[in-house]
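The chain contents come next:
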Amino acid sequence: MQINAERHWSRTSGLMWIMMILWAFFSFFVHFFVDTLNTIKIMGFPLGFYMASQGSLVAFVVMLFTFSSRQEAIDRQEGVAEE
Amino acid sequence: MATETKAGGGSFLDNLGKIYALYTGGFFAFVIILGILEQLGVPNKWIGYGFVFLTIAVYAVIGILSRTTDVGEYYVAGRSVPSVYNGMATGADWMSGASFVGMAGTLMLLGYDGLAFVLGWTGGYVLVAVLIAPFLRKFGAYTVPDFFAARYGGGFARFLAVLVLISCSFTYVVAQIYACGLIASRFLDIDFTIAVYAGLAGILMCSMLGGMKAVTWTQVAQYIVLIVAYLTPVIILSAKKYGIPIPQLTYGQAIAEITNLESSMISKGLADAKTLKPHIKPFTTYDPLNFFALIFCLMVGTASLPHILMRYFTTPTIREARSSVAWSLFFIFLLYFTAPAYAAFSKLEVFTLIEKGTKLTDLPAWMYTYGKLGLVKVCNVDVKVVQDIVAACGKIANHPGLLRWQDLNINTDVIVLSTPEIAGMPYVIAGLVAAGGLAAAMSTADGLLLAIANALSHDIYFKMVNPNAPSATRLIVSRILLVLVAIAAAYVASTKPADILSMVAWAFSLAAAGIFPALVLGVWWKRANTPGALIGMIFGFGVCMYYLVGTRYFAVSFHEMWSWLGTATPAATAKFAELKAAWVAAAPGAAKDAAFLALDKHAQTIASWWGVRNISAALFGLPVGFLTIFIVSLLTPAPSKAVMDMVDATRLPSGDLIMQEKGAMVGGH
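Given the structure is predicted, the values throughout are model-derived calculations rather than measurements.

### As for the overall build of chain B
Each helix and strand in chain B was counted, giving 29 helices and three strands. The C-alpha radius of gyration computed for chain B amounts to 26 Å, which stays within 12% of the reference 26 Å derived for 669 residues, consistent with globular compactness. Taken along its principal axes, the extent of the C-alpha atoms in chain B is 80 × 70 × 45 Å. In chain B, which comprises 669 residues, the proportion classed as buried is 55%. Pairs at least 24 residues apart make up 83% of the contacts formed inside chain B by residues separated by at least 6 positions.

Now the structure itself:
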């Protein structure tokens, strides 16, 4: 397979920025609106409270498993995966 | 890149699933047997001893079976730990005694604002996975300072990294050993000092003979104990209360009930509308700036703590290093997304008690159990003797003689420890919780001790003092240093140093400011060079340390110098001037000291830059670190081609590890 280190790094960086934006969204941005979100109730949970106690956490876990498989695909496609 | 199978390790590594399934089954059987013994009338004390000594004995046996004479196994577990198991080990490494015991209590007292800790201690793993872990794994270092040395021109960078590492890890390990002593002494009635040294012995058995290899396999075992212990009581509670054994779903109803009880308590005069912090209302303790600053500093700190980063040196491949971070977060998530449920159930229990109008003479038994230990107070006296409480509350004007929320003071450690008793579960569950708390404290202590001792033995002794030391000597030196560091930490813990324990929160900001910028830019910005990184580390760490020490220990002069950047109200500023005048006027001697104490105490509440709390000092240290590296790097010549090529190689998963050590049997050949 053709090794393309440059393209590999630019795709890796692209994935990194996507992850950082999602990270900032679930770490900070969504919690700026806690008061508004708290007016919505799901199973007794005010949504703003729920996002900080579970929603963002679930998002982080899902993000990392997705990241891991996406990065693996990039490594493979650019021919730089480990054997 | 196949990892070599080590003699003796192969059969163990091939059968990990079976071995740990058997271990988990055995642990459940053990809990059931103790439960039966309890029903047969065996005293609680024996049940407690059974839990603590047997679990510690099992960890010690794992530690001894994992002994090694190979440098690669000692430092990085032979790079043979599969990602799921490394995830569990990281979970145990990460979740401290305080997280296990104190987190739910903090969430109960702070409500929404406490969730800053839940977010901060999980989201940091995104940074670890994306920005750091896979590259450090490719680098093939034994310690985090190894990377600094290779990327930023050797000895001095290594030395700075070791300095940051020790300054953030030592106070942290003292707190873990202290927690071991506290849990053992509370539950087993062992003398605190003896408990500390017993904990120390247990910790050393897990780490001394086998280094990282032994710590890894004991941490996996400890994770299983701690997560079972954390989840069991709250699952039972949820099933009892709402018929569904999934507390994470059912506590929404508890929150709704809490909100109703809050207004009812206020209308009945059993809670003070001014001091009651509604559970779901944001920003009652921290203002938005401090809430988000705290989340940010905890996250970046997580991604910079060496005892966490070094866990990702142990996976067989870079791919597994990445997925291992995901697994770590998953296993950590299991505890952190349950903690708010604990908090809600306990708060509901306490609020129900208060709202129905409980007489001071009818306080429940669990308050006395923990009151005797000084952990539950009513009207500022320990809940020990009924008459004392009634007398103390009687002195408060218009006291109704009923328990009020503002009279009650519950230590945050009580929530998790008391839940089994409050819910009327058998003592065996309480013993299980104690064993879980010990596992959490011990496993974190193990990881931290190893990080410190390895920095001293590998980075200072081997790389700087005696580079020609043969492997056997290196391992002997490592073990001696491990024991010395452990004894020093246990000694400090046995003196119950309030200052050191309050400094634990500093670890995150110090690690973030000192390590994160140079580490991340070292991989992601080729142009970062040695002078930039060195000056950036010194400035970032320096600013952070200045802010921490200044606002805490030199608050008066800090406030005077920086009052123009502070956010003190006119009233607070006036009070400062008044106290200062009183101090200046006071006669030398005891009066002057007392006046200074009052002044200093007040100054600590107002000494700040823009009102940022001391715990979030990295909010300043981090940007200073990044900016300094940028500016100084651009003003000085670019790194050599060799360094640039090395960075390129670090970015590619394929190819050999960057640092290869002669003679060490480490994968990647």
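### A look at the overall build of chain A
Tallying secondary structure elements over chain A gives three helices and two strands in all. When its helices and strands are written in sequence order, chain A yields α-α-β-β-α. Against the 2.2 N^0.38 benchmark of 12 Å for 83 residues, chain A shows a C-alpha radius of gyration of 18 Å, more extended than a compact globule. Along the first, second and third principal axes, the C-alpha atoms of chain A reach 55 × 20 × 15 Å. Going through the 83 residues of chain A one by one, you find that 36% of them count as buried. Taking the contacts inside chain A whose residues are at least 6 apart along the sequence as the reference set, 64% of them involve residues at least 24 apart.

### Observations regarding unusual backbone geometry
Residue and element names in this part refer to chain B. At Ala77, a residue that is not glycine, the phi angle is positive and equals roughly 50 degrees. Considering the arrangement of structural elements, one finds Ala77 in the loop between α4 (71–76) and α5 (83–94). Looking at Ala77, the number of C-beta atoms within 10 Å reads 28, which means it is buried. Although it is not a glycine, Asn398 adopts a positive phi angle of roughly 60 degrees. Following the sequence through the fold, Asn398 ends up in the loop between α18 (386–394) and β3 (408–410). Owing to 5 C-beta atoms within 10 Å, Asn398 belongs among the exposed residues under this scheme.

### What to know about the interface of chain B and chain A
Facing the 40 residues of chain B at the interface are 35 residues of chain A. Those elements that provide at least two residues to the side of chain B that touches chain A are α7 (115–139), α12 (247–267), α13 (288–302), α15 (318–336) and α29 (641–651) of chain B. The element contributing the most residues to the side of chain B that touches chain A is α15 of chain B, with ten residues. The class makeup of the residues in the side of chain B that touches chain A is 28 nonpolar, eight polar and four charged.

### So, the packing of helix α9 (residues 155–188) of chain B against helix α24 (residues 530–553) of chain B
Residue and element names in this part refer to chain B. Direction vectors running N to C along α9 and α24 enclose 20 degrees, while the axes themselves pass 10 Å from each other. Considering their axes alone, α9 and α24 lie roughly parallel with respect to each other. As α9 runs across α24, the sense of the crossing is left-handed. Residue-level contacts link Phe156, Ala157, Leu160 and Val164 of α9 to Thr530, Ala533, Leu534, Met537, Ile538 and Phe541 of α24.

### Examining the domain arrangement of chain B
Parsing chain B into structural domains produces domain 1 (9–345 + 424–521), domain 2 (359–401) and domain 3 (522–651). Computed over C-alpha atoms only, the centres of domain 1 of chain B and domain 2 of chain B are separated by 35 Å.

### Considering the sheet that holds β3 of chain B
Residue and element names in this part refer to chain B. With antiparallel pairing, three strands are arranged side by side in an open sheet as β2-β1-β3. Edge positions in the sheet fall to β2 (381–382) and β3, since each of these pairs with one other strand and no more. Judged from the two bridges that link them, strand β1 (residues 376–378) and β2 form a sheet pairing that is antiparallel. Each residue of the ladder has a partner; that of Lys377, found in β2, is Asp382.

Quick notes on the rules
Residues numbered from 1 in each chain as written. Chains lettered and ligands numbered in written order. Predicted model: local features only at pLDDT ≥ 70, side-chain atom pairs only at ≥ 80, totals over all residues. Helix = DSSP H or I, 4+ residues; strand = E, 2+ residues; numbered from the N terminus. Rg over C-alpha atoms; globule rule 2.2 N^0.38 Å. Buried ≥ 20, exposed ≤ 12 C-beta atoms within 10 Å, placed from the backbone. Contact = placed C-beta atoms within 7 Å. Nonpolar A, V, L, I, M, F, W, Y, C, P; charged D, E, K, R; others polar. Axes fitted to C-alpha atoms, helices over the stretch in contact; angles between N-to-C directions. Parallel < 35°, antiparallel > 145°, perpendicular 65-115°, else oblique. Left-handed = near helix turned anticlockwise from the far one by under 90°. Domains from an automatic or database assignment. Pairing = 2+ DSSP bridges.

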